[in-house]
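Residue strings, one per chain:
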Amino acid sequence: MRARLALYRRGAFTTHRINAPVLSVGNLTAGGTGKTPLVEWLARAVARSEGRRVCVLTRGYGREDARRRVVVCDGARVLAGVGEAGDEPLLLAERLVSFGVAIVCDADRVAAARFAIEELGSEVFILDDGFQHLRVARDLNVATLDATDPWGGGRLLPAGLLREPPSELKRADCIVITRAELAEDLDGLRAQAQRLSDGRPVFAARTRTVSVEMITPSLSLAPPSSAVSSSQPRVPHRVAAFCGVGNPRAFFSNLRRDGYEVRHVRAFADHHGYTQAEVDDLVREAHRVGAEALVTTAKDAVKLRAMRLDLPCYVVEIELEIDDEDGVMRLVREAIAAGEKRKRSN
């Protein structure tokens, strides 16, 4: 990693400028740090508040043909399924299509950006998982830190989860601490991030459950709450939870925090593709422990739509709450202005 960074810094490897503003979201560690919800938040904010045609550029992990360019969403329609797109790009496409956001999967994000400018009219780009993708220059470089495991065990791959040393946070323009609600010492982590990044702005983002949607026809399941009227029927809250995400512990912790009685958990590998046999096993185990329903993440749910589910199954829909949204948007607007100024000068 050090050699690769040095080659880019010396010009041996080329960093390409896209003829549009570029915002990048990435992280230091392998696995899930809550990048996708932040990408969604940024794309929605830029499209809605700034009125720009946004395109998210992603590799699309877990898709059937990683070499093929796939337009998952052209800003008006979702055009690909989970096999072609991968789970996270499809999820982003379905959530952002109403905001006119395009999603393009391509290992060559330079070529994908040029395609999106010419064919989709894209005006602002967001690089998904872009911190180590140095081929594309960016106007705002956002690094995320997962509050539950910010430093990946303190060791680089393969001994730990770090892709590169924490000192490389100084490449970031700002840092977003995700899952801040689960932090043991948020103030201490914020101070450490500022020190390692030479004083870059540090924001905290919390994960909030906004709804729990039914995958199979059954009674509505909502987070247990004292605000629920006693006249309403009792909803299932004894659940068996499963997921194939980068940080399954955070998902299970959030369920318990929301008040569910989690009787069984099972974690699969990130981007796992489910089989009917595995789903049947989950149902049998849920019955064994007395769970009334299965619960999973939105990322997993897109891969379960064709499955037979012999127990009610629900998807937890989440969104980010950032402690200083105005501060983040100020940086975003400055980055977009800088990118547009560069574009005019070309």
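Placed above this text is the structure.
A brief report on the enclosed structure follows. (Residues numbered from 1 in each chain as written. Predicted model: local features only at pLDDT ≥ 70, side-chain atom pairs only at ≥ 80, totals over all residues. Heavy atoms only, no water.)

## Some words on the pattern of salt bridges
Once the charged atoms of two side chains with opposite charge are near each other, the side chains can pair.
1) Next: Using the criterion set out here, one finds 31 salt bridges in the structure.
2) Next: Residues Arg284 and Asp281 are paired through a salt bridge, measuring 2.1 Å at the closest nitrogen-oxygen approach. Taken together, the residues span about one helical turn, with Arg284 and Asp281 both in helix α8 (residues 276-288) at a distance of 3 residues.
3) Next: We classify Asp281 as partly exposed; its relative accessible area is 35%. (Salt bridge = Lys/Arg side-chain N within 4 Å of Asp/Glu carboxyl O. Helix = DSSP H or I, 4+ residues; strand = E, 2+ residues; numbered from the N terminus. Buried < 20%, exposed > 50% of the residue type's maximum accessible area, 1.4 Å probe, protein only.)

## What about the nonpolar core?
1) Next: Among the nonpolar cores identified, the biggest contains 45 residues, and Ile103 and Val332 are the most heavily contacted of them.
2) Next: If one sorts the elements of this core by residue count, helix α2 (residues 35-49) sits on top with 8 residues.
3) Next: Those residues within four positions of Val332 in sequence are excluded, and the remaining contacts are Leu23, Leu42, Val46 and Leu140.
4) Next: In this structure, Leu162, Leu169, Leu189 and Ala193 belong to the second largest nonpolar core, which totals 17 residues. (Core = buried A, V, L, I, M, F, W, Y, C linked by side-chain atoms within 4.5 Å. Contact = heavy atoms within 4.5 Å.)

## Things to note about unusual backbone geometry
1) Next: At the junction of Leu157 and Pro158, the peptide bond is cis and its omega measures out at 5 degrees in the coordinates.
2) Next: Positionally, Pro158 belongs in the loop between β6 (140-146) and β7 (174-178).
3) Next: A positive phi angle, near 55 degrees, is found at Arg179, a position not held by glycine.
4) Next: Classification of Arg179 as buried rests on a relative accessible area of 13%.

## Things to note about the environment of Phe252
1) Next: Looking at the secondary structure, you find Phe252 in helix α7 (residues 248-257).
2) Next: A relative accessible area of 7% places Phe252 in the buried class.
3) Next: Residues Phe252 and Glu334 lie 82 residues apart in sequence; the distance between their C-alpha atoms is 37 Å.
4) Next: Ignoring sequence-local partners within four residues, the contact set of Phe252 consists of Ala241, Phe242, Cys243, Val265, Arg266 and Ala267.

## Quick word on the packing of α2 against helix α10 (residues 325-345)
What describes two packed helices is the angle between their axes and the distance between those same axes.
1) Next: Running from N to C, α2 and α10 point in directions that differ by 70 degrees, and their axes come no closer than 11 Å. Between α2 and α10, the crossing angle belongs to the class labelled roughly perpendicular. The handedness of the crossing between α2 and α10 is right-handed. On α10, the residues that touch Trp41, Leu42, Ala45, Val46 and Ser49 of α2 are Glu325, Val328, Met329, Val332, Arg333 and Ile336.
2) Next: Class assignment for the residues of the contact of α2 with α10 results in 8 nonpolar, 1 polar and 2 charged. (Axes fitted to C-alpha atoms, helices over the stretch in contact; angles between N-to-C directions. Parallel < 35°, antiparallel > 145°, perpendicular 65-115°, else oblique. Left-handed = near helix turned anticlockwise from the far one by under 90°. Nonpolar A, V, L, I, M, F, W, Y, C, P; charged D, E, K, R; others polar.)

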